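# Geometric and topological summary
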Amino acid sequence: MAERRFSFFTRGQCIVLALLAATPLLDLAFPSIQLSGPMRTVVVYAILALGLNVVVGWTGLLNLGIAAFMAIGAYAFGILTAEVYPFQVGFWWALLLSGAIGAFAGWLLGAPTLRLRGDYLAIVTLGFGEIVQDGLKNLQAITKGTEGINPLPKPTVPFGAAIQSGLEIVGIASAPAATKAAEGVVAASSNWFEISSATPARWFYLYLILLAVVIFFCRNLEFSRLGRQWFAVREDELAARCMAIEPDKAKLKAFAAGAALAAIAGALFASHLASTGEPANYDFQVSILALCIVIVGGIGSITGVVLGAIVMVGLSNVVLPALTQAMQRAGIGSTENVLSSPDNYKYLIFGLALVLMMRFRPDGIVHTRKAVKK
Amino acid sequence: MTETEVFLQQVIYGLSNGMIIALVALGYTMVYGIVELINFAHGDVFTLGGFLALTVVGALGAAAILDPNTLSDSSHWLLLVGLVVTAGLFCGFLNVAIDKVVYKPLRRAPKLTQLVAAIGVSFILVNIALFWGGAPMEVFGGGNAAAASKDFPEILEGSNLLGEDSNVVLRLEDLAIFVITIPLMIGLTLFVNRTRLGRGMRATAQNPIAARLMGINTDRVIAATFLIGGFLGGAASVMWAIYNNTISFQMGFRAGMDAFTAAVLGGIGSLPGAMIGGVLIGLIRAMSDQYIETRWTNVVVFGVLILILVFRPSGLLGLKQREKV
């Protein structure tokens, strides 16, 4: 990878991004569905899973508590932006800072635990996840317990106002009619760069751009010196040590990088909900969903992980609830009969996904990428 | 209540819960000792044992053969032992089946692959418990919703064995737990130490390849391990249900984590370690409930788990082992 300083997106990454970018078009075609809102969670989980992928996929460490870092990011974002706290640093600073706080938390957990064997490390991370969740629930003075911190700000487009006024001077963006064409069904305000719940498509695109930035970051991390160290540690710690790689340091960096991405996902999630929500939003099930995304999508592959997020989160957060509602409206399913509600199959789907992937790609976690030979 | 009485009461709670945790912990530690797998699904096998017991109780009650409320004294105990055996066998064979279908093909795969598969099984079992709880049966009190906790009927009469005047309460349930768990543990110890199959288990735990060379049918040993571990888990689930009088589809996660912590605390792979660890975790929980706060108890338990893993991964009774390269 010496010929270029940065590598941009691969063909696969372009395809998944284009696929995601096309979803608001579905809103145009079927105004009754409105996918842009729920699809934001897909983007959030994609970022979360990319963080987990750094740890599980590239470094070969099983982290079962990634949701804890998501929670830390969400609550950091909440505390940094909510009106009840003195900071109120705004969306972008809070996003960056929560990433940094997440990295610090990852470093804090990783420093004493990373020398543990693989399966013990997995259990420690699981325990950490439960401790964080219970801690957030119990420290009501700071976290507002199960109420969550709210309201939280929506994202703003940086320099959006300036660009808007610039466009107005040039005379492109004066008429609200122009935005109508760009936005489809939602008759938005005349400001092109204002994001609100009335403009789900813009909000979605902003998140999508952030996802693209994260993908760009991961892509360039992957074959950097550090990324190659991670692969070496994953394949054979002893051999890596012989190559003058310090496995503990490399692992710690992976842990911190994964935690930072998870925290950013948490911050975006909190902004998406306009609240941190209750601590149970970041429970073990979320960690497992992230793990399913990474494993189903293809461990170690950025494109695969994003695709996995589209499939798994799309299924569990978009398709199943929609199906449940539709069936109830049609009078087929009922809340009385547990089997007839598609939403109740979530655990089964997660579980089967994990079991089948492990069964038929048993080398899953450790040996996946042929690309390492580059 | 005086300070001492409060303390004694917590000791009773702690011991009773600890014995239940120890039974579950034995299932973790035996399986880990033999195949080096953290059987993440064990806690959920335990859950299904509770659901089976409730279904059996309900079926008997509904058929008016054995109404739990009108039983004579000895038949209470008969019912209890019957439930322990039924749920135990069910969980034992379920555990064996899971091993055959899921874990066995992965026996030579990396440990993390096996662990992820076990987590997958755990989620599948949780979903099965959810469906089971939603079954349209009259027996499930406590709300019709599938996810709601189900009431488990009082099988043993709840008068204070220490006399009505005593502030410290020792219920028949507490006694039942000891009467049932202690023989099980003694039986297990004798089995592992005195029988041919038990010797095979110890040999397989030490070195599976050498054990096979010595003519030990390791597949049978492993199946027996899963069977016994599952049986103890099923027995524990019945004890848990009669002690707490409620079961839910997610109870296995918490119980499983307590039990795993107990197994690690005692030294994973060690049978006496799991028993001692279980009792210790039970006592820690009870003391934390009383002297810290109930809502922090889980944090305390997970804190213990992490500290043990970081500072003494071999546990209290485990041997120091170097990881093979």
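Computed from a prediction, not measured in an experiment: that's the story for all the values here. (Residues numbered from 1 in each chain as written. Chains lettered and ligands numbered in written order. Predicted model: local features only at pLDDT ≥ 70, side-chain atom pairs only at ≥ 80, totals over all residues. Heavy atoms only, no water.)

### Brief notes about the overall build of chain A
For clarity, the threshold we go by: The way it works is that DSSP assigns letters per residue, a run of H or I at least four long becomes a helix, a run of E at least two long becomes a strand, and they are numbered from the N terminus. Burial classification: accessible surface area is computed with a 1.4 Å probe over protein chains only, and a residue below 20% of its type maximum counts as buried, one above 50% as exposed, and the rest as partly exposed. Surface accessibility follows the Shrake-Rupley procedure with a 1.4 Å probe radius. Residue values consider only the protein chains on display as shielding.
Check the secondary structure of chain A and you find 16 helices and zero strands. Counting all 374 residues of chain A, 54% fall into the buried class. Carbon and sulfur atoms make up 65% of the accessible area of chain A, which amounts to about 15,900 Å² in all.

### Some details on the overall build of chain B
The line we're drawing: Contacts are assigned to residue pairs that have any heavy atoms within 4.5 Å of one another.
Scanning chain B from N- to C-terminus turns up eleven helices and two strands. Written out in order from the N terminus, the α and β elements of chain B read α-α-α-α-β-α-α-α-α-β-α-α-α. The buried share of chain B, reckoned over its 325 residues, is 55%. The contacts of chain B with a sequence gap of at least 6 include a subset with a gap of at least 24, amounting to 74%.

### A short note on unusual backbone geometry
With an omega dihedral of -5°, the bond running from Asn150(A) to Pro151(A) counts as a cis peptide bond. Among the secondary structure elements, Pro151(A) is positioned in the loop between helix H7 (140-143) and helix H8 (160-170). Its identity as a non-glycine residue notwithstanding, Asn245(B) has a phi of 60°, on the positive side. Structurally, Asn245(B) is set in the loop between helix H8 (218-244) and strand E2 (246-247).

### Examining the interface of chain A and chain B
As a reminder of what qualifies: Using a 1.4 Å probe, buried area is obtained as the accessible area two parts lose upon being combined, added over both of them. What counts as a salt bridge is simple: a side-chain nitrogen of Lys or Arg found within 4 Å of a carboxyl oxygen of Asp or Glu. The definition of a polar contact used here is a pair of N or O atoms within 3.5 Å, where within protein one atom must be able to donate a hydrogen and the other to accept one, and adjacent residues in sequence count solely through side-chain atom pairs. Residue classes follow a fixed rule: Ala, Val, Leu, Ile, Met, Phe, Trp, Tyr, Cys and Pro count as nonpolar, while Asp, Glu, Lys and Arg count as charged, and any other residue, Gly among them, counts as polar.
In this complex, chain A contributes 49 residues to the contact, which on the side of chain B involves 46 residues. Carbon and sulfur atoms supply 77% of the area buried between chain A and chain B, which totals about 4,100 Å² over both sides. Per-residue buried area on chain A facing chain B is highest for Tyr120(A), Ile123(A) and Tyr347(A); these three make up 17% of the total on that side. On the surface where chain A and chain B come into contact, there are one salt bridge. Ionic pairing is found between Glu130(A) and Arg254(B), a salt bridge with its closest N-O pair at 3.5 Å. For the interface between chain A and chain B, the tally reads eight residue pairs in polar contact (both at pLDDT 80 or more). If one sorts the elements of the side of chain A that touches chain B by residue count, helix H6 (residues 118-138) of chain A sits on top with 14 residues. Its residues assigned to classes, the side of chain A that touches chain B shows 30 nonpolar, ten polar and nine charged.

### A look at the pattern of salt bridges
For the structure on display, the rule yields 13 salt bridges over all chains. A salt bridge links Lys111(B) to Glu36(B), with the nearest nitrogen and oxygen atoms 3.4 Å apart. One end of the pair, Lys111(B), is in helix H4 (residues 111-133); the other, Glu36(B), is in the loop between helix H1 (3-35) and helix H2 (42-62), with 75 residues separating them in the sequence. Taking the relative accessible area as the measure of exposure, Lys111(B) reaches 27% and is therefore partly exposed. Using a relative accessible area of 36% as the deciding quantity, one classes Glu36(B) as partly exposed. Residues joined in a network through salt bridges with shared partners are Glu237(A), Arg241(A) and Lys251(A).

### Thoughts on a positive patch on the surface
Residue and element names in this part refer to chain B. To keep it simple, the criterion reads: Residues enter a patch when their relative accessible area is above 30% and they make no salt bridge; the linking distance is 9 Å between like charges and 5 Å between nonpolar side chains (Val, Leu, Ile, Met, Phe, Trp, Tyr). Positive charges come from Lys and Arg alone, negative charges from Asp and Glu alone, with His and the N- and C-terminal ends not counted. Note on charges: their place is set at NZ of Lys, CZ of Arg, CG of Asp or CD of Glu.
A cluster of like positive charges, contributed by Arg196, Arg199, Arg202 and Arg220, occupies part of the molecular surface. Broken down by element, the residue count for the positive patch peaks at three residues, all from helix H6 (residues 196-206). Within the secondary structure, Arg202 is located in helix H6. With a relative accessible area of 36%, Arg202 lands in the partly exposed category.

### Observations concerning a nonpolar patch on the surface
All names here are of chain A. A cluster of nonpolar residues, Phe87, Val89, Trp93, Leu96, Leu97 and Ile101, forms a patch on the protein surface that exposes about 590 Å² of accessible area. Assignment of secondary structure puts Leu96 in helix H5 (residues 91-113). Here Leu96 falls in the exposed class, since its relative accessible area comes to 58%.

### Observations regarding the confidence of the model for chain A
Residue and element names in this part refer to chain A. Rule in force here: Across the chain, each position has a pLDDT score giving the predictor's confidence in that residue, from 0 to 100.
Scored by pLDDT, chain A comes out at a mean of 83, with 89% of its residues at no less than 70. Averaged over each element, pLDDT in chain A is lowest for helix H9 (residues 176-183) (45) and highest for helix H4 (residues 66-81) (94). Here residues 175-188 is a poorly scored stretch, pLDDT under 50, and it has 20 contacts once near neighbours within four places are set aside; other chains count. Across residues 364-374 the pLDDT falls below 50, and counting only partners more than four positions away or on other chains, this stretch makes 22 contacts in the model.

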